[in-house]
Amino acid sequence: MTNFWDSILSFARVTVERVGQQLLQDFGSAQADEKDDGSLVTKSDNWADAEIRSAIASAFPSHGILSEEGEQVFPDTEWCWVVDPLDATTNFARGIPIWGISLGLLYRGTPVFGCVHLPPINQSFHGFWAPDLAGGVFDNMPQGAFLNRQPIRPTADKMSGNHFFNLCSRSVGIGPHLPSKVRMLGMASYNFLTVASGVAMGGVEATPKIWDIAGSWVIVKAAGAVWLPLESQGIFPLEVGKNYGRISYPTLVMNRQELVSVFLPFVEAWKKKKMG
């Protein structure tokens, strides 16, 4: 008999791969409109959102949904899916093949499963992270983080000038001072996941939203990387009835704790200069 977590993983895989196949057909030809917050949206975003919502409602009718392109108020449900139907819309609309679909499943406001699928480069990440609970459905929960079903871990390499640290467009001011090469991927969740999978030593995002975070947070934690909020003590659990549409969560992700002290001062100095 298929257990709960098998059904969750199977559902996520089938859904993101099906939606991803259609998005690949639209890639490079989608017309983008600007939203109120200045970010871009395409018909593909809205189509993918509707498809994923419909799939969740059919497979898990008791589960809530929080989505970038749909309902942004956290619902009063034990289980809730946080959906980014098209992560990195700007890349998608402009023809850069780094974009994907991000799903996070939350239990009582805290992510316990994440799935991020990047169709153009054929990479699918997933991970499980058990909350501090005993018994119940979590007894049978798998462990670990995976890329294309293979386990992933952050790199244990010694830091060098030929390793990568990821920036976002709003944090480029940090770049000239870092003891590493820098990359800007244009997709917040993938920024973090390259750290989880050992590609990059670390990464910073200045303004990620909850749908950029929910799926990747689980995978980063499950892989053993360090997730460090830069403004708040913690993100989770989410609050019932709160609107998460305009809330950002500046974040530093590092491959291991000992390198936080190397990179955090650069990030803090940049933040201080930016504010002052």
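Refer to the preceding data block for the structure.
Residues numbered from 1 in each chain as written. Predicted model: local features only at pLDDT ≥ 70, side-chain atom pairs only at ≥ 80, totals over all residues. Heavy atoms only, no water.

**Student:** Teacher, can you tell me more about the overall build of the chain here?
**Tutor:** A tally of regular secondary structure across the chain gives 6 helices and 14 strands. Scaling as 2.2 N^0.38, a compact globule of 276 residues should have a C-alpha radius of gyration of about 19 Å, and the chain matches this with 18 Å. Based on the C-alpha atoms only, the size of the chain along its principal axes is roughly 50 × 45 × 35 Å. Here the chain holds 276 residues, and the buried ones make up 55% of them. Carbon and sulfur atoms make up 49% of the accessible area of the chain, which amounts to about 12400 Å² in all. Charged side chains of the chain number 22 positive and 26 negative; the gap between the two group centres comes to 8 Å. (Helix = DSSP H or I, 4+ residues; strand = E, 2+ residues; numbered from the N terminus. Rg over C-alpha atoms; globule rule 2.2 N^0.38 Å. Buried < 20%, exposed > 50% of the residue type's maximum accessible area, 1.4 Å probe, protein only. Areas by Shrake-Rupley, 256 points an atom, 1.4 Å probe, with all protein chains shown as cover. Lys, Arg positive; Asp, Glu negative; His and termini not counted. Charge placed at Lys NZ, Arg CZ, Asp CG, Glu CD.)

**Student:** Just to check I follow, could you spell out the sheet that holds strand 5 (residues 100–107) for this structure?
**Tutor:** Note: strands within a sheet are paired through backbone hydrogen bonds, in either parallel or antiparallel orientation. Strands sit in the order 3-4-5-6-7-8-9 across an open sheet of 7 strands; the sheet is mixed. With one partner strand each, in any of the chains shown, strand 3 (64–67) and strand 9 (150–151) form the two edges of the open sheet. Across 7 bridges, the pairing between strand 4 (residues 79–87) and strand 5 is antiparallel. Residue pairing for strand 5: D84 is matched across the bridge by S102. Lying on the sheet, helix 2 (residues 43–59) is in contact with strand 3, strand 4 and strand 5; it crosses strand 4 at an angle near 155°. On top of the sheet, helix 5 (residues 210–223) reaches strand 3, strand 4, strand 5, strand 6 (110–118), strand 7 (123–128) and strand 8 (144–147); it is set at about 100° to strand 6, its chief contact. (Pairing = 2+ DSSP bridges. Contact = heavy atoms within 4.5 Å. Axes fitted to C-alpha atoms, helices over the stretch in contact; angles between N-to-C directions.)

**Student:** Looking at this structure, how should I read the packing of helix 1 (residues 4–26) against helix 2?
**Tutor:** Two packed helices can be described by the angle between their axes and the distance between those axes. Orientation of helix 1 relative to helix 2, taken along the N-to-C sense of each, is 160°, at an axis distance of 11 Å. The angle between helix 1 and helix 2 falls in the class roughly antiparallel. Between helix 1 and helix 2 lies a crossing of right-handed hand. Residue-level contacts link F11, T15, R18, V19, Q22, L23 and D26 of helix 1 to S44, W47, A48, E51, I52, A55, I56 and A59 of helix 2. (Parallel < 35°, antiparallel > 145°, perpendicular 65-115°, else oblique. Left-handed = near helix turned anticlockwise from the far one by under 90°.)

**Student:** Explain the nonpolar core here, please?
**Tutor:** Within soluble globular proteins, side chains that are nonpolar generally end up buried alongside one another. Among the nonpolar cores identified, the biggest contains 69 residues, and W5, W81, F113, I210 and L238 are the most heavily contacted of them. If one sorts the elements of this core by residue count, helix 5 sits on top with 10 residues. In this structure L238 touches L66, F74, L106, G109, I210 and Y244, once residues within four positions along its chain are discounted. Membership of the second largest hydrophobic core comes to 19 residues, among which are L167, C168, L252 and V267. (Core = buried A, V, L, I, M, F, W, Y, C linked by side-chain atoms within 4.5 Å.)

**Student:** Explanation requested: helix 2 in the structure shown.
**Tutor:** Under the 1.5 Å per step criterion, the end-to-end length of helix 2 is 24 Å for 17 residues, consistent within 8% with the ideal 24 Å. For helix 2, the full list of buried residues reads S44, D45, A48, D49, I52, A55 and I56. Buried residues in helix 2, looked at end-on, bunch into an arc of 135°, giving them a common side. When the buried face of helix 2 is taken as reference, the exposed residues oriented beyond 90 degrees from it are K43 and S58. (Expected span 1.5 Å × (residues − 1). Arc of directions from axis to C-beta.)

**Student:** Hey, could you run me through the side chain of K209 in this one?
**Tutor:** Positionally, K209 belongs in the loop between strand 12 (202–205) and helix 5. What K209 contacts, discounting residues up to four positions off in sequence, is G245, R246, I247 and S248.

**Student:** Help me understand the pattern of salt bridges, please; the structure alone is not making it clear to me.
**Tutor:** Proximity of charged atoms lets side chains of opposite charge pair with each other. If you walk through the whole model with that rule in mind, you get 5 salt bridges. With a closest N to O distance of 3.7 Å, E239 and K242 form a salt bridge. Overall, the relative accessible area of 47% leaves E239 in the partly exposed class. By relative accessible area, which is 31% here, K242 ends up partly exposed. For E258, the salt bridge goes to R256, with nearest N and O atoms at 3.6 Å. R256 gets classed as buried once you look at its relative accessible area, which sits at 18%. (Salt bridge = Lys/Arg side-chain N within 4 Å of Asp/Glu carboxyl O.)

**Student:** Would you explain the pairing of strand 7 in this entry?
**Tutor:** Successive side chains on a regular strand alternate, one facing one side of the sheet and the next facing the other. Along strand 7, 5 of the 6 residues are buried, which leaves the element largely enclosed by surrounding structure. Bridge analysis of strand 6 against strand 7 gives 6 bridges, and the strand direction is antiparallel. Note on strand 7: the bridge partner recorded for L118 is Q123. The loop that links strand 6 with its antiparallel partner strand 7 comprises 4 residues; one of these, N122, has a positive phi angle of about 55°.

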